[in-house]
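One-letter residues, chain by chain:
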Amino acid sequence: MTKQEQKRVARTGQPLLKLHVLGAAGAVTGSLNLFEYIERDRVTRFLVDVGLTVEDERADFMNRLPVGIKPSDIDFIIISHAHIDHSGYLPKLVKDGFKGPAYLTPASSDLLQFMLPDSGFLQEEAVKRANARNRKNLPATEGGASDGVKARGNVPQRQPLYTQEHAKQSLQHLRTIPYNERRELAPNVAVTFTDAGHILGSAVVNLEIGSGSSKRTFCFSGNIGRYDMPLLSELESVRSADYVMVESTYGNKLHNRRDRFPVLADIINRAHVRALEKHPKFGCGVIMIPAFAVGRAQVIMHDLRQLMAEGRIPQMPVFIDSPMTIRSTEVHRKYRDAYNPLMRALFDAEVDPFTTPEQTLCHDWKESVALLEPQSKPIIIIGSSGMASGGRIVQHLQHRLPARQSTVVFVGYQGTGTLGQTLVGGLREGNPDARPTSVRISGKDVRVNAAIEFMPDYSAHADYGDTIRWLRGFQRRPRSIFLVHGDTDALEGLEGHIKNSLGWNVVVPKAKQEFVL
Ligand SMILES: [Zn+2]
C-alpha cells in the first residue's frame, strides 16, 4: 500500500483492498498471499497461507514480503491446511517478528503440533550436512556472511531457516476456528472455513472484506481434494464469491478412476508370494511401503485392514515404523466427523479403520533396528517419508533392496531427485522388472533386486474435472478467478478448461504481482 493510495482513501473515503501474490505463482509450493485493506485511516494486513518453498530452499531465506512491510506489520495469518508448503513458513515469520494470531481448523492445529517441529528438525539437519560438506570440500577462502550464512573461520557456516525450538514457539500463535463458523478477525474482515476434502483439517478459506457496497468476497481454495477421495468427507460447495483463487496442481490431468482395492490387492499378493521364499541372509521378504505420514499412511493402513478383513490378501504383521505416522494417526482418530459415511460406519461399529490384526507401532529406534533381522515370515513395514528421502525407511531400503524376496510399494508422487523417483524411474505400472540395477544410498552403491511397484491411485488433489465440477457450484460468475499452485502446463491447461467450460475471466498471476480488488 503506497502513501498515495493511503492519501486517496483518506480523500475519497473509498476503502481499498489489495492482494499481493507472493508465492505459488507459476509454481507448486510456497503458497503465500498478502491482503491489505485500508478503510479511512485504518490498515489491516493479513496473510493467507504461509508455505515453505520446497522447489527452491534459498527462496525462503530472502525477504518474501513486499518491500517496506515487516512480519511485525502483519495483523494475522490464515492457514488453509497443515501441509508444509502452506504452513511451514510460519516459524520463520514468528522468528522475524510476527506477533499476531494464526487461524486454522482444529485438526490442522493438531497436525502442526508435530509437523512444524519436524520441519525445524529437517532444516537443522540439512544445514548440518551442508556445513559438513563445506568443511570437507571448500578450499580456504574469505567467508562472506550473507542471508542464512555466517562466516566461521574461513568456511561459511549456513544457519537453518529456523530450528525446532523456533517452530515450537510459533505453535503458541495458533488459534482454531471450526468449519462453517463465521469469525470476524478484524473490523470488517471475516472468515469462514469450508471443508476442502484434501487432507484432514484442510479448509477452503472464504473471506468477507469491507462493508456495504464496497464489500468484497474472496474464496481461496487452498488445496482441494477429488470428489472420490478415500476416507475423507467430500469437498464442500461454495455458493458465491467476487473473486476465486484456485489451485492448479492437476490442471491438465484427469485421474485414473479405477477401483483401487483390486490394484493394491494384486500388488500385495504378488509381493507375498515373493516374500515366502527364504533368503539365507535376509530370511523371508519384506514389503516396504514409504508413505507420507499425514493422510497417505492412514489410507494405506485403512485399505490393508479392509483387504485383510475381506480375505483378499493374507493376514501379515504390519509395522508402523515412523513416530510421525503414529502421532498423525492418533490425530486422524480424533476427528470422526471428518470422514465419509463408510468410515463413520466403521467408527460407529467400534472398528478402528487404521488397525490391522497384527499391527506393531515402532515408537523407538531400537524397534526399527530389530526389523533388520532376518524375518521368519513375510511382513509389511509402513514408513515415512513417502519419497524415501529420509527417515527410517531409508535404512530398510538400504538393507532389503538387494534381496529379490522383498518389494517396495510407492503410493504417491515422487519428486525430482528423490530416492523414490530413482527407484520408480520409468517404471511402467505392473512391470516390476523395469527398475534400476543399483542406487546410491548414504554414499554407498546398493544393488536393487527387490521388486519395485508404483501405485498412483491415491492422489489427494482435484484433477481438472473435479475443479470444474466444484466451480460449477458457484451460483454467479466471479469477477475474476486467479490460478496458482501449478506448473506452466497445468496452469495453461486449467485456464483453457475454465474458459471453455465456464467462460470466466481467468488471471494467472506472476510472482509478486499485486491486484486491486
Ligand atoms: Zn496440500
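Provided above is the structure to which this section pertains.
Everything in this summary refers to the structure shown in the same document.

Cut-off values and rules
Residues numbered from 1 in each chain as written. Predicted model: local features only at pLDDT ≥ 70, side-chain atom pairs only at ≥ 80, totals over all residues. Heavy atoms only, no water. Pairing = 2+ DSSP bridges. Helix = DSSP H or I, 4+ residues; strand = E, 2+ residues; numbered from the N terminus. Axes fitted to C-alpha atoms, helices over the stretch in contact; angles between N-to-C directions. Contact = heavy atoms within 4.5 Å. Expected span 1.5 Å × (residues − 1). Bend = angle between axes of the 7 residues up to and from the residue. 1 Å grid on protein atoms, 1.4 Å probe; cavity = no way out; pocket = protein on both sides within 12 Å on 5 of 7 lines; lining within 4 Å. Points joined across faces, edges and corners; volume = space filled by probe spheres on them. Nonpolar A, V, L, I, M, F, W, Y, C, P; charged D, E, K, R; others polar. Domains from an automatic or database assignment. Core = buried A, V, L, I, M, F, W, Y, C linked by side-chain atoms within 4.5 Å. Buried < 20%, exposed > 50% of the residue type's maximum accessible area, 1.4 Å probe, protein only. Donors = N, O, S within 2.8 Å, 3.2 Å for Na, K, Ca; no water. Tetrahedral: all angles 85-135°; square planar, octahedral: opposite > 155°, others 65-115°. Parallel < 35°, antiparallel > 145°, perpendicular 65-115°, else oblique. Left-handed = near helix turned anticlockwise from the far one by under 90°. Salt bridge = Lys/Arg side-chain N within 4 Å of Asp/Glu carboxyl O.

1. Digging into the sheet that holds strand β18 (residues 407–410)
So, point 1. The strand order across the open sheet formed by six strands is β16-β15-β17-β14-β18-β21, and the pairing between neighbours is parallel. The open sheet has two edge strands, β16 (359–361) and β21 (451–454), and neither has a second partner. This sheet shows a mean twist of 20 degrees between the axes of neighbouring strands, independent of strand direction.
So, point 2. As paired elements, strand β14 (residues 286–290) and strand β17 (residues 379–383) share five bridges and run parallel to each other. Looking across to β17, one finds that V286 is bridged to I379.
So, point 3. Along the sheet, helix α7 (residues 296–309) contacts β14, β15 (318–320), β16 and β17; its crossing angle with β17, the most-contacted strand, is approximately 160 degrees.

2. Digging into the sheet that holds strand β24 (residues 514–516)
So, point 1. With respect to topology, seven strands assemble into an open sheet ordered β8-β5-β4-β3-β2-β1-β24, the strand pairing being mixed. At either margin of the open sheet sits one strand with a lone partner, and together these are β8 (174–176) and β24. Recorded for the sheet is a direction-independent mean angle of 25 degrees between the axes of neighbouring strands.
So, point 2. Pairing between strand β2 (residues 32–39) and strand β3 (residues 42–50): eight bridges, direction antiparallel. Directly across from I38, in β3, lies its bridge partner V43.
So, point 3. On the sheet, helix α1 (residues 3–12) packs against β1 (16–23), β2 and β3 and is oriented at approximately 155 degrees with respect to β1.
So, point 4. This element, helix α4 (residues 106–137), spans β5 (102–104) and β8 of the sheet and lies at about 150 degrees to β8.

3. Examining α4
So, point 1. Look at α4: 46 Å from first C-alpha to last across 32 residues, which is about the 46 Å you get at 1.5 Å a residue.
So, point 2. Largest kink in α4: about 40 degrees, centred on L112.

4. Let's talk about the layout of surface pockets
So, point 1. For the second largest pocket, the calculated volume is near 370 Å³.
So, point 2. Breaking the lining of the second largest pocket down by element, the ones donating at least two residues are α6 (260–276), α7 and α9 (341–348).
So, point 3. A breakdown of the residues in the lining of the second largest pocket according to their chemical character gives nine nonpolar, five polar and nine charged.
So, point 4. Looking at which domains feed residues into the lining of the second largest pocket, each of domain 1 (7–132 + 145–253 + 461–516) and domain 2 (260–458) supplies at least three.

5. A closer look at empty space enclosed by the protein
So, point 1. Taken as a whole, this structure holds two cavities of 30 Å³ or more when the rule is applied.
So, point 2. Within this model, the largest cavity holds a volume of roughly 40 Å³.
So, point 3. Forming the boundary of the largest cavity are Y179, D195, G197, I199, L200, G201, S202, L232, S233 and A338.
So, point 4. Of the residues belonging to the lining of the largest cavity, the class tally is five nonpolar, four polar and one charged.
So, point 5. Size it by volume and the second largest cavity reaches roughly 30 Å³.
So, point 6. Lining of the second largest cavity is provided by I224, E247, S248, T249, Y250, G251, A462, T467 and L494.

6. Things to note about the nonpolar core
So, point 1. If you look at the biggest cluster of nonpolar residues, it comprises 74 residues, and the most contacted ones within it are I77, L90, I289 and I382.
So, point 2. Counting only domains with at least three residues in this core, you end up with domain 1 (7–132 + 145–253 + 461–516) and domain 2 (260–458).
So, point 3. Counting residues in hydrophobic clusters, the runner-up holds 30 residues, among them V21, A25, I78 and V205.

7. Some words on the side chain of R392
So, point 1. Inspection of the secondary structure assignment puts R392 in the loop between β17 and α11 (393–400).
So, point 2. Apart from residues lying up to four places away in sequence, R392 is in contact with D321, S322, P323, C362, H363, D364, W365, S368 and S384.

8. Considerations on the coordination of the zinc ion
So, point 1. In this structure, H81 (NE2), H83 (ND1), H198 (NE2) and N223 (OD1) serve as the protein donors to the zinc ion, at separations of 2.2 to 2.3 Å.
So, point 2. One can describe the donor arrangement at the zinc ion as irregular, given that its four donor atoms subtend angles of 90 to 165 degrees at the metal.
So, point 3. Written as a sequence motif, the donor arrangement for the zinc ion is H-x1-H-x114-H-x24-N. Residue H198 is found in the loop between β10 (189–195) and β11 (203–209), and its partner N223 is found in the loop between β12 (216–220) and β13 (243–247); the two are separated by 25 residues along the sequence. We note that H198, like N223, is buried.

9. Structural notes on the packing of helix α13 (residues 464–472) against helix α14 (residues 488–502)
So, point 1. The N-to-C vectors of α13 and α14 enclose an angle of 40 degrees; their axes lie 11 Å apart at closest approach. In terms of axis orientation, α13 runs oblique to α14. When you trace α13 past α14, the crossing you get is right-handed. For the pair formed by α13 and α14, the contact residues are Y464, T467, I468, L471 and R472 on the first element and L494, H497, I498, S501 and L502 on the second.
So, point 2. Classifying every residue of the contact of α13 with α14 gives six nonpolar, three polar and one charged.

10. A look at unusual backbone geometry
So, point 1. Cis geometry is adopted by the peptide bond preceding S385, which originates at S384 and carries an omega value of 10 degrees.
So, point 2. Considering the arrangement of structural elements, one finds S385 in the loop between β17 and α11.
So, point 3. With a phi angle near 60 degrees, N180 is a residue other than glycine that sits in the positive phi range.
So, point 4. Despite not being glycine, K512 has its phi angle at roughly 70 degrees, a positive value.
So, point 5. Mapped onto the secondary structure, K512 falls in the loop between β23 (506–507) and β24.
So, point 6. Overall, the relative accessible area of 47% leaves K512 in the partly exposed class.

11. Focus on the pattern of salt bridges
So, point 1. Enumeration over the complete set of coordinates arrives at 29 salt bridges.
So, point 2. R257 is the salt-bridge partner of D466, the closest N and O atoms lying 3.0 Å from each other. Of the two residues, D466 is situated in helix α13 and R257 in the loop between β13 and α6; the sequence distance between them amounts to 209 residues.
So, point 3. Relative accessible area serves as the criterion here: at 4%, D466 is assigned to the buried category.
So, point 4. For R257, a relative accessible area of 41% puts it in the partly exposed group.
So, point 5. The structure contains a network of salt bridges with shared partners spanning R226, D228, R257, D463 and D466.

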